[in-house]
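Here is what each chain is made of, one letter per residue.
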Amino acid sequence: MDVTDRIATEQVARPRRVERLELGQPTSDGAGVKLLRVLTQPLQRRLDPFLMLDNFRSDDPDDWIAGFPDHPHRGFETVTYMIAGRMRHRDSAGNEGLLEGGGVQWMTAGRGVIHSELPEQSEGLMEGFQLWLNLPASDKMRAPWYRDFKADELPSFTAPGGVRVVAIAGRSHGIEGAVTREGTEPLYLDLALPEGARFEQAMPPGRNAFVYVYRGELDIEGTRVGSGRMAVLSNAPGSDGVALRATGPARALLIAGRPLGEPIAQYGPFVMNTVEELHQAVADFQAGRLA
Ligand code: FE2
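Attention in this report is confined to the structure presented alongside it.

1. Some points on the layout of surface pockets
Here is step 1 of the chain: In this model, the largest pocket occupies a volume close to 340 Å³.
Here is step 2 of the chain: Residue lining of the largest pocket: 21 residues in total, with Asp29, Phe68, His71, Glu117 and Gln130 positioned closest to the centre.
Here is step 3 of the chain: Tallied by class, residues from the lining of the largest pocket come to 10 nonpolar, 7 polar and 4 charged.
Here is step 4 of the chain: Within this model, the second largest pocket holds a volume of roughly 250 Å³.

Rendered as structure tokens:
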């Protein structure tokens, strides 16, 4: 839904700089889906509360046809954003949904979900992202939650400069995104920028933030960030936001959140605070008690 008529201005006087650039790592997951892992495990502490970002994009069915058959999750949230293609989701809580171009699926695994994510096409382009967002220790064993948003159910608007913004989570230009979360307070924006356009987003310096460019190139305070690259933004005290400029037509994700500052223990699809809790998750899964 377009809410351009309701937007407020964002003002940024001291934008963040790029602290480091990361190139997505080619890998495969599920039953052999080829993807780029943009946010990898060594960055989990730096980008707390985010645990992973994957980007898949291919028109070769061999790269995605096997999908992600039944597998468990515990302790965090998964956010899947489809740019193109069709994926069917089914889970142990009885939820089922078809994810299509421009749509978002937000799943809070909490104490446990077993689900499958399988392509519902045999040819054509499959493109999208999966972000893993951590849960605070106090919420890791909460009941699972799930919601699908079709493209037209996501708030979207045209920001000054002609930048198209899809507000998946958090608040931008006075607009509340589709999902809000206490604790981690995630901001998740998809930006489509015409050549030369500038985009500003106010943000306190304590938030961990990054930009992933997936078309074209951005200039972030003098650093060129090309397609397939993630820019980790500095948390310099006194900074008040993020400012991006497109050197040509570009698309990018701007993602930020409030760090939890809690221990992170991960074993594959389980993310808890301690090794003991991971052992418990594996034991629960093996005993059929996870979900
Ligand atoms: Fe999954």
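2. What about the environment of Lys150?
Here is step 1 of the chain: Note that Lys150 resides in the loop between strand 12 (145-149) and strand 13 (156-159).
Here is step 2 of the chain: Sequence separation between Lys150 and Asp54 is 96 residues, and the spatial gap between their C-alpha atoms is 20 Å.
Here is step 3 of the chain: Those residues in contact with Lys150 that lie beyond four places of it in its chain are Leu98, Gly102 and Gly103.
Here is step 4 of the chain: Reaching out from Lys150, the side chain makes a polar contact with the backbone oxygen of Leu98 at a distance of 3.4 Å.

3. Examining the coordination of the iron ion
Here is step 1 of the chain: At the metal site, the iron ion is ligated by His71 (NE2), His73 (NE2) and His115 (NE2), and these contacts range over 2.1 to 2.2 Å.
Here is step 2 of the chain: For the iron ion, all donor residues lie on one chain, and their spacing in sequence is H-x1-H-x41-H. With His73 in strand 5 (residues 68-73) and His115 in strand 10 (residues 113-119), the pair connects residues that are 42 residues apart, well separated along the chain. For the pair His73 and His115, one class covers both residues: buried.

So, how was this worked out
- Residues numbered from 1 in each chain as written.
- Predicted model: local features only at pLDDT ≥ 70, side-chain atom pairs only at ≥ 80, totals over all residues.
- Heavy atoms only, no water.
- 1 Å grid on protein atoms, 1.4 Å probe; cavity = no way out; pocket = protein on both sides within 12 Å on 5 of 7 lines; lining within 4 Å.
- Points joined across faces, edges and corners; volume = space filled by probe spheres on them.
- Nonpolar A, V, L, I, M, F, W, Y, C, P; charged D, E, K, R; others polar.
- Helix = DSSP H or I, 4+ residues; strand = E, 2+ residues; numbered from the N terminus.
- Contact = heavy atoms within 4.5 Å.
- Polar contact = N/O pair within 3.5 Å; in protein donor to acceptor, adjacent residues only side chain to side chain.
- Donors = N, O, S within 2.8 Å, 3.2 Å for Na, K, Ca; no water.
- Buried < 20%, exposed > 50% of the residue type's maximum accessible area, 1.4 Å probe, protein only.

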